[in-house]
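Structural overview
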Amino acid sequence: MTQDVENVVDHLNLFRSPEYKEMFADKRKNFEFAHPDDKVEEMAEWTKGWEYRELNFKREALTVNPAKACQPLGAVFVAVGFEGTIPFVHGSQGCVAYYRSHFSRHFKEPSSCVSSSMTEDAAVFGGLNNMIDGLQNTHSMYKPKMIAVSTTCMAEVIGDDLNGFISTAREKGSVPADFPVPYAHTPAFVGSHITGYDNALKGIVSYFWEGKERTPTEKINFIGGFDGYTVGNLREVKRIFGLMGIEHTILADNSDVWDTPADGEFRMYDGGTTLDDAKAALNAKATISMQQYCTEKTLDYIAKTGQETVAFNHPVGVAATDKFLMELARITGKPIPDALTKERGRLVDAIADSSSHIHGKKFAIYGDPDLCYGLASFLMELGAEPTHVLSTNGGKEWEIKMQALFDSSPFGKSCHVYPGKDLWHMRSLLNTEPVDFLIGNTYGKYLERDTGTPLIRIGFPVFDRHHHHRYPVWGYQGAMNVLVWLLDKIFDEMDKNTIVPAKTDYSFDIIR
Amino acid sequence: MSLTVEQVKERNQDLIKEVLEVYPDKTAKRRAKHLGTFEEGKSDCGVKSNVKSIPGVMTIRGCAYAGSKGVVWGPIKDMIHISHGPVGCGQYSWAARRNYYIGTTGVDSFVTMQFTSDFQEKDIVFGGDKKLEKIMDEIQVLFPLNKGITVQSECPIGLIGDDIEAVSKKKSKEYDGKTIVPVRCEGFRGVSQSLGHHIANDTIRDWIFDKGDKHPEFVGTPYDVAIIGDYNIGGDAWASRILLEEMGLRVIAQWSGDGSIAELENSPKAKLNVLHCYRSMNYISRHMEEKFGIPWVEYNFFGPSKIEASLREIASHFDDKIKEGAERVIAKYRKMMDAVIEKYKPRLADKTVMLFVGGLRPRHVIGAYEDLGMNVVGTGYEFGHNDDYQRTTHYVKDGTLIYDDVTGYEFEKFVEKIQPDLVGSGIKEKYVFQKMGVPFRQMHSWDYSGPYHGYDGFAIFARDMDMAINNPVWGLTKAPWKK
């Protein structure tokens, strides 16, 4: 076609014109040697049935559309949460390009991270020289206060010794003798990004704490875990701590570096846990983690220093937030202020106003294990049923915990938990046992397309909607956001289903 | 206060000197060879290229796996491409490149899916060949309409000594000669994506072409061409194909955007290969020339000037019918092109642009900017070779700043000092420059717009560049009380 300069159309509409449509049909017919249309349709139908589901669930080796990433991504997530810290990933450089792109696509922010750029010679001789040169270059160029090292699978497979390499680099003067270079081995073939979060955070705190004497204070450490809403959530948590008057240290606070202003200056570093606070965090009275499965080793380590540790499962909703606040109150001895009680009341009020639209609705959820738990518990609180709950990186322990949650409520009666499964399994679940709504990350849109289940985007990554990471999902106000997102989709679907004039629009109500 | 060419060259020299100061001596010496200023009349851009990136400097480059799975093989729609190794590589590259295609995803097409062997520790310790065999069996059960499988190796495969070639051969035999292609594109190979392109090209040669003619019934015509090196990002190949067809040619294959295995198999029957991305697919073009005697011609479908020249160049390989066809197409779109330029040139004239992109774009898009009256004042390749820099001399002006495999630091400093009106680069760079208040367009993904190829694409290109530069938000970056 030829474009109209007053109304230039891009891919969204350009290819709908007859010339292009004809071209596509011709290409398929004459050059692609494609399967006949009826065969494709027949096969598409077959993939929706129970027979296919059973074959699909028999898979033992193949993973299709998983909802998890690899360890170093979690390590980078942690590293950028410390003051002036640059993540340094030892291994192949392509990995780092991927992590940076991945975070930038989600947060719409720069993501700084360097690689030791190991190539074939390093695969043979080891990456010591890459570490020596890499640390020196990074230190001179980007003037960090700390370099946090993690590894790609390449370095892990050849068995590079991070501790030895970093010591040697230090001796060779790559960085000053007292310059902090914590490290963590983060093999991509073990666990997932949440494991990498855990390993990296443990690496950093143990770097500062090892061999130090603990002098207990009244401060509280707080760990968010790998969280697509880290910007909104950490700010909300700080507000809550402020209202309660709790002295605290957020460990790995990346809420500023992934939300910098457009004011003419690029900030490679912004905010973050100060290194002094990270050191002093050893003395805290307790450490609270919002995501158990992101912090198992870290909390173990912290507990051994003599601190109390408390882990939640990504608390969302009234009861989960109640529990979170009551634990804060118990640990610190500070009362929950009226302001928060009032917020609670407002959330309950909002739920009461709207729950008739959610009650009894069936949901499928997938995501990281803690997120799934938090969302499922909130849905049950709203009278909805989290029918399918799936986590690619959820394990046996998580499965038991989810089941216990289902068993605790009549709304969990017909719900099932699927640990270690992927989104191709979810496709079969949605096709054979349909639900009203799906909750997941951006990749859920393929499930929406294939199964017709409307997607509510909550999770990581979200690439195709903007700015939701700026909103909290924790605290009463966070739960309010989640409630509104659920309701918006529910009402949108109601309108979509009633919009046909003279057919269904009697229910196209202006008041709902 | 525009500078003379001599002043620009002097400024560039000072600027390069300044950025090099931040490096340790050894690194400064190495980086110095990659930075320079184009001197009119020289045969290349005076920079070194295609050598290892320096550790710790924040290179923008990716890896061989990205070049093979992400670029060359991934878009072939009716084959299943297994990301073989740990989960991450496939996850981060999942559907991120906007290689448009038409097909029923999960049934007869698979481009926007992530198939992975999700290696666990035991696979590293005991090897992954058995698992790979089982994966192929499971693919055959669950995706029976797939027309072939490729194994895209991630780093560990080459390190643990797996024999993916043996597995592929064995399974191919078991499945009646099914095409199964093992690709040794481990991320640590080579210095960038570039080797991955080459390796992928070679596997097409060895595992597709060398298997003989799969479609002897296919009837050729004297006007058959194959589009090589167009990945159909946002529909680029479609906006190109339509022009070639309008001039009377028959496009028998697209490599590889919206491509199918049959198209790859039939490519040796083309009369001419038309090559857009030279960097990623010159290898297979040269091979087809040597082996099948198919000539190839490079073309450039960015902006009307280059499109016009390219259509004529392509037509020159055919008879008068096609030559007339080319003129007809040029005439058909001229009015629209004039209208686009008339509308946008006044808004964009004399604006300056700095680019840093991959394969062909650091040079290919320059003409499109110039059609709008804009000037490209700096450019560089993520993974270019010297032959790319030689080709670049036909595009850039005297005094253009050249930076090969630019580091995060260098790029930031160059832009800070030169203050171009627009930067065109990738997602990792986008937000850095937008924070600095510099308008930006992603020139890999077309910033989720496109197509940019062809006449239809140029209208979109012009609209988008205007949208970026003349965005009112750039007037808001300073708080009034801070001005």
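Described below are features of the structure shown in this document. (Residues numbered from 1 in each chain as written. Chains lettered and ligands numbered in written order. Predicted model: local features only at pLDDT ≥ 70, side-chain atom pairs only at ≥ 80, totals over all residues. Heavy atoms only, no water.)

Time to look at the overall build of chain A. Counting its secondary structure elements, chain A contains 21 helices and 13 strands. Here the C-alpha atoms of chain A give a radius of gyration of 25 Å, agreeing with the 24 Å that 2.2 N^0.38 yields for 512 residues. C-alpha atoms of chain A, sized along the principal axes, occupy 75 × 65 × 55 Å. Counting across all 512 residues of chain A, residues that qualify as buried make up 63%. Taking as baseline every contact in chain A between residues at least 6 positions apart, the subset at least 24 positions apart corresponds to 72%. Carbon and sulfur atoms form 52% of the exposed surface of chain A, whose accessible area is close to 19100 Å². (Helix = DSSP H or I, 4+ residues; strand = E, 2+ residues; numbered from the N terminus. Rg over C-alpha atoms; globule rule 2.2 N^0.38 Å. Buried < 20%, exposed > 50% of the residue type's maximum accessible area, 1.4 Å probe, protein only. Contact = heavy atoms within 4.5 Å. Areas by Shrake-Rupley, 256 points an atom, 1.4 Å probe, with all protein chains shown as cover.)

Turning next to the overall build of chain B. Scanning chain B for helices and strands turns up 20 helices and 14 strands. In terms of overall size, chain B behaves like a compact globule, its C-alpha atoms giving a radius of gyration of 23 Å where 483 residues would be expected to give roughly 23 Å. Based on the C-alpha atoms only, the size of chain B along its principal axes is roughly 70 × 60 × 45 Å. Looking at the 483 residues of chain B, the share that counts as buried comes to 68%. Within chain B, residue pairs in contact and separated by at least 24 positions form 72% of the contacts whose partners lie at least 6 positions apart. Here chain B has roughly 15700 Å² of accessible surface; of this, 52% comes from carbon and sulfur atoms. Charged side chains in chain B number 64 positive and 67 negative. The centres of these two groups are separated by 2 Å. (Lys, Arg positive; Asp, Glu negative; His and termini not counted. Charge placed at Lys NZ, Arg CZ, Asp CG, Glu CD.)

Turning next to the sheet that holds strand β13 (residues 422–425) of chain B. Residues and elements named next belong to chain B. Here six strands make up an open sheet; going across it, the order is β1-β12-β11-β10-β13-β14 and the pairing mixed. Looking at the sheet topology across the chains shown, the edges are occupied by β1 (35–37) and β14 (440–442). Geometrically, the sheet is characterised by an average inter-axis angle of 25 degrees between neighbouring strands, direction not taken into account. Bridge count for strand β11 (residues 375–379) against strand β12 (residues 401–403) is two bridges, and the pairing is parallel. Within β12, the residue paired with Thr 379 across the bridge is Ile 402. On top of the sheet, helix α20 (residues 454–469) reaches β13 and β14; it is set at about 140 degrees to β14, its chief contact. (Pairing = 2+ DSSP bridges. Axes fitted to C-alpha atoms, helices over the stretch in contact; angles between N-to-C directions.)

Turning our attention to the side chain of Asn 137 of chain A. By the element assignment, Asn 137 of chain A lies in helix α8 (residues 128–142). In contact with Asn 137 of chain A, not counting residues within four places along its chain, are Pro 24, Thr 27, Ile 54, Pro 55, Gly 56 and Val 57 of chain B.

The next thing to look at is the nonpolar core. Membership of the largest hydrophobic core comes to 252 residues, with the highest contact counts inside it found for Phe 143 and Tyr 369 of chain B. If we skip the residues at most four places from it in the chain, Tyr 369 of chain B touches Val 353, Leu 355, Met 374, Val 376, Leu 422, Met 443, Phe 461 and Met 465 of chain B. Counting 47 residues, the second-largest nonpolar core is a separate cluster that includes Leu 162 and Ala 169 of chain A together with Val 19 and Phe 411 of chain B. (Core = buried A, V, L, I, M, F, W, Y, C linked by side-chain atoms within 4.5 Å.)

Our next topic: α20 of chain B. For α20 of chain B, built from 16 residues, the straight-helix expectation of 22 Å at 1.5 Å per residue is met to within 8% by its first-to-last C-alpha distance of 22 Å. Most of α20 of chain B is tucked away: 15 of the 16 residues are buried. (Expected span 1.5 Å × (residues − 1).)

Each side of the interface is counted separately: chain B has 120 residues, and chain A has 104 residues. Interface area, chain B with chain A, both sides summed: about 9400 Å², of which 63% is carbon and sulfur. It is Met 58, Tyr 92 and Lys 435 of chain B in chain B that bury the most area against chain A; as a group they hold 10% of the surface buried on that side. At the boundary of chain B with chain A, the tally comes to twelve salt bridges. Put simply, Glu 263 of chain B and Lys 27 of chain A hold a salt bridge, and the shortest N to O gap is 2.8 Å. Run the count over chain B and chain A and you get 45 residue pairs in polar contact (both at pLDDT 80 or more). Tallied by class, the residues present in the side of chain B that touches chain A amount to 59 nonpolar, 33 polar and 28 charged. Sheet analysis places strand β1 (residues 63–64) of chain A next to strand β3 (residues 115–116) of chain B, joined by two bridges and oriented antiparallel. Bridge pairing in β3 of chain B links Val 64 of chain A to Phe 115 of chain B. (Buried area = accessible area lost by both parts, 1.4 Å probe. Salt bridge = Lys/Arg side-chain N within 4 Å of Asp/Glu carboxyl O. Polar contact = N/O pair within 3.5 Å; in protein donor to acceptor, adjacent residues only side chain to side chain. Nonpolar A, V, L, I, M, F, W, Y, C, P; charged D, E, K, R; others polar.)

Time to look at the packing of aromatic side chains. Applying the stated criterion across every chain, the model contains 58 aromatic pairs over all chains. Between Phe 433 of chain B and Phe 440 of chain B the ring centres are 6.2 Å apart and the planes differ by 15 degrees, which places this aromatic pair in the stacked class. Grouped by ring-pair contacts, the aromatic residues Phe 77, Phe 103, Phe 107, Tyr 197, Phe 226, Trp 258 and Phe 460 of chain A constitute a single cluster. Note that Arg 53 of chain A overlies the ring of Phe 57 of chain A, its terminal NZ or CZ placed 5.6 Å from the centroid. (Phe/Tyr/Trp six-rings, centres within 6.5 Å; stacked < 30°, edge-to-face > 60°. Lys NZ or Arg CZ within 6 Å of the ring centre and 35° of its normal.)

All right, on to a positive patch on the surface then. On the surface, Lys 29, Arg 30, Lys 33 and Lys 48 of chain B cluster together into a patch of positive charge. Residue position: Lys 29 of chain B is located in helix α2 (residues 25–32). (Patch = residues over 30% accessible without salt bridge, like charges linked within 9 Å, V, L, I, M, F, W, Y side chains within 5 Å.)

Looking now at the packing of α8 of chain A against helix α10 (residues 162–171) of chain A. All names here are of chain A. One way to put it is that α8 packs onto α10 with a least axis distance of 9 Å and a crossing angle of 50 degrees. Taken as axis vectors, α8 and α10 run oblique relative to one another. Between α8 and α10 the crossing geometry is right-handed. Within the contact between the two elements, α8 uses Leu 128, Met 131, Ile 132 and Leu 135 and α10 uses Leu 162, Phe 165, Ile 166, Thr 168 and Ala 169. Broken down by class, the residue content of the contact of α8 with α10 amounts to eight nonpolar, one polar and no charged. (Parallel < 35°, antiparallel > 145°, perpendicular 65-115°, else oblique. Left-handed = near helix turned anticlockwise from the far one by under 90°.)

It is worth spelling out helix α14 (residues 296–304) of chain A at this point. Count 3.6 residues to each turn of an α-helix, and residues three or four apart come out pointing the same way. All names here are of chain A. All of the buried residues in α14 are Thr 298, Leu 299, Tyr 301 and Ile 302. One side of α14 holds all its buried residues, which, seen down the axis, span an arc of 160 degrees. Following α14 by one or two positions, Gly 306 has its phi on the positive side, about 110 degrees. (Arc of directions from axis to C-beta.)

Further remarks concern the sheet that holds strand β4 (residues 146–151) of chain A. All names here are of chain A. Taken in spatial order, the three strands make up an open sheet running β3-β2-β4, and their pairing is parallel. Taken across any chain shown, the strands that pair with only one partner, and hence form the sheet edges, are β3 (114–115) and β4. Bridge analysis of strand β2 (residues 85–90) against β4 gives six bridges, and the strand direction is parallel. Within β4, the residue paired with His 90 across the bridge is Thr 151.

Next up on the list: a nonpolar patch on the surface. Residues and elements named next belong to chain A. The grouping of Ile 499, Val 500 and Phe 508 at the surface amounts to a nonpolar patch, some 250 Å² of accessible area in total. When you line up the elements, Phe 508 lands in the segment after α21 (475–497). Residue classification places Phe 508 among the partly exposed positions, given a relative accessible area of 39%.

With that settled, the discussion passes to unusual backbone geometry. Between Phe 460 of chain A and the following residue, Pro 461 of chain A, the backbone shows a cis peptide bond with an omega angle of -5 degrees. One can find Pro 461 of chain A in the loop between β13 (455–457) and α21. Residues Trp 255 of chain B and Ser 256 of chain B are joined by a peptide bond in cis, for which omega reads -10 degrees. Here Ser 256 of chain B shows up in strand β7 (residues 250–256).

With that out of the way, let us pick up the pattern of salt bridges. In the structure shown here, the tally under the stated rule is 79 salt bridges over all chains. When the shortest N-O distance is used, the salt bridge between Glu 6 of chain A and Lys 343 of chain B registers 3.8 Å. Here Lys 343 of chain B lies in helix α14 (residues 320–348) and Glu 6 of chain A lies in the segment before α1 (11–14), a pairing that spans two chains. Here Arg 465 of chain A makes a salt bridge to Asp 464 of chain A, at a shortest N to O gap of 3.6 Å. Under the relative-accessibility criterion, Arg 465 of chain A is labelled partly exposed at 40%. Counted as one network, the salt bridges with shared partners bring together Lys 27, Arg 28, Glu 32 and Asp 37 of chain A together with Lys 77, Asp 108, Asp 258 and Glu 263 of chain B.

What follows concerns the pairing of strand β7 (residues 286–289) of chain A. A two-sided burial pattern is seen for β7 of chain A, the buried positions comprising Ala 286 and Ile 288 of chain A on one face and Thr 287 and Ser 289 of chain A on the other. With α14 of chain A bridging β7 of chain A and its parallel neighbour strand β8 (residues 308–311) of chain A, the resulting β-α-β unit is right-handed. (Right-handed = clockwise from strand over helix to strand, strands pointing away.)

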